[in-house]
Amino acid sequence: MTGVAWWSQTAANNANQDSAINWQEGQSPSSVNDSARAMMASTAKWRDDITGSIVTAGTSTAYTVTSNQVFDNLTRLAGQMIAFTPHATNGATVTLNVDGLGAKPLRSSPGIDLPAGILAQGTPYIAVYNATDAAFYLRGFFGNPYIVPLGAIVEYAGASVPNSSFVFPAGQALNRTTYASLFSLIAVTFGAGDGSTTFNVPDLTGRVTAMKEAAPNRLTSSYFGGNSAAMGAAGGSESTALSTGNLPPYTPSGSVSTSVSSAVVSLQSASNGGQNAFATSSTVGGSANMSGALGLTLGSSFTGSAQGGSSAPFRTVQPTIILNKIMRVL
């Protein structure tokens, strides 16, 4: 029973409120030094309980903590701060057990349990126990700039990652044990690594992203080139080239010229009444009836105007600015 948590706001009650400190009336002069040093020690216990130097034990969903003050009951613990550094990134719906007083929910706000990957391994956090609903609440949680869910990817203007909890998602392989929480979240969706000890993060270099579809309706395989209903599918290209099949129906413009290359007239005599026969009148100046065959050979050519240019690729890139992206991995 030694520590700041035992001290009273009523001065008279502190004569022997802390078992290690004697501030009773009439105490011997020799006990003053001991009491002052004991008070410093109790203050140091409280200090170290709120600095984050305590590393948790237990599992990723059931943290355990041994405080320096060693709380004797939950009533004493109510309203007290406990700072801790997780030994492992948390799993879903995590609890905190301080000094063996029982596992209590560790939450960001009333009724809101923590999803997996919120508390990063090696990062200090502060929690306060609320006796009313028997739960620990993270203090200053939403003021932490690194509160990004595990596996989340955000745009980032820096040239290097902010800390070891992030990587640039460039398709690299990560260790399945070191990054066990992330591996349990994405598995081998973006690559199986070496097939046993590693796995891959997404490769977003030079790519934009689109949300996964329930069915490939907006990004169909015909144009996207992948399955937009599958996580990790990639498709699209920065350019394309048109072929005749890509063009709409059209009527070319031009001109046609025609020339007669030869003409043949064939007349053949025959007996009266025969085919192709001709007859003349015996009377001078009379008319004659004539029939025969006429053959013509025609030659034509078309001269059109060239439309368009070559079939060189043309760009399909939308207006773009290049930034880094960072992914939470721890």
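Residues numbered from 1 in each chain as written. Predicted model: local features only at pLDDT ≥ 70, side-chain atom pairs only at ≥ 80, totals over all residues. Heavy atoms only, no water.

Take unusual backbone geometry next. Here the phi dihedral of Ala-134 falls at roughly 55°; this positive angle occurs in a residue that is not glycine. Along the polypeptide, Ala-134 turns up in the loop between strand S8 (125-130) and strand S9 (135-138). Exposure remark for Ala-134: the relative accessible area of 26% places this residue in the partly exposed category. For Ala-187, which is not glycine, the phi dihedral falls at a positive 50°. (Helix = DSSP H or I, 4+ residues; strand = E, 2+ residues; numbered from the N terminus. Buried < 20%, exposed > 50% of the residue type's maximum accessible area, 1.4 Å probe, protein only.)

Moving on, we get to the pattern of salt bridges. Going through the model one piece at a time under the given rule, you end up with five salt bridges. Here Asp-34 and Arg-37 are joined by a salt bridge, their closest N and O atoms 2.7 Å apart. In this pair, Asp-34 and Arg-37 both sit in helix H1 (residues 30-49), three residues apart, roughly one turn of the helix. (Salt bridge = Lys/Arg side-chain N within 4 Å of Asp/Glu carboxyl O.)

Further remarks concern the nonpolar core. Counting residues in each nonpolar core, the largest one holds 23 residues, and the members touching the most others are Phe-84, Leu-96, Val-98, Leu-106, Leu-119, Phe-136 and Leu-138. Counting only elements with at least two residues in this core, the list comes to strand S3 (62-65), strand S4 (81-85), strand S5 (95-98), S8 and S9. Counting residues per element, this core draws most heavily on S8, which supplies three residues. Val-167, Tyr-179, Val-201 and Leu-330 belong to the second largest nonpolar core, which has eleven residues in total. (Core = buried A, V, L, I, M, F, W, Y, C linked by side-chain atoms within 4.5 Å.)

Below, the discussion takes up H1. Given a rise of 1.5 Å per residue, 20 residues ought to cover 28 Å, and the 30 Å separating the end C-alpha atoms of H1 matches this to within 8%. Within H1, burial applies to Ser-31, Ser-35, Ala-38, Ser-42 and Asp-49. The buried residues of H1 all sit within an arc of 65° when viewed along its axis, so they share a single face. On its buried side, H1 packs onto strand S1 (54-55) and S4. (Expected span 1.5 Å × (residues − 1). Arc of directions from axis to C-beta. Contact = heavy atoms within 4.5 Å.)

None of the figures reported here should be taken as evidence of function without further support.
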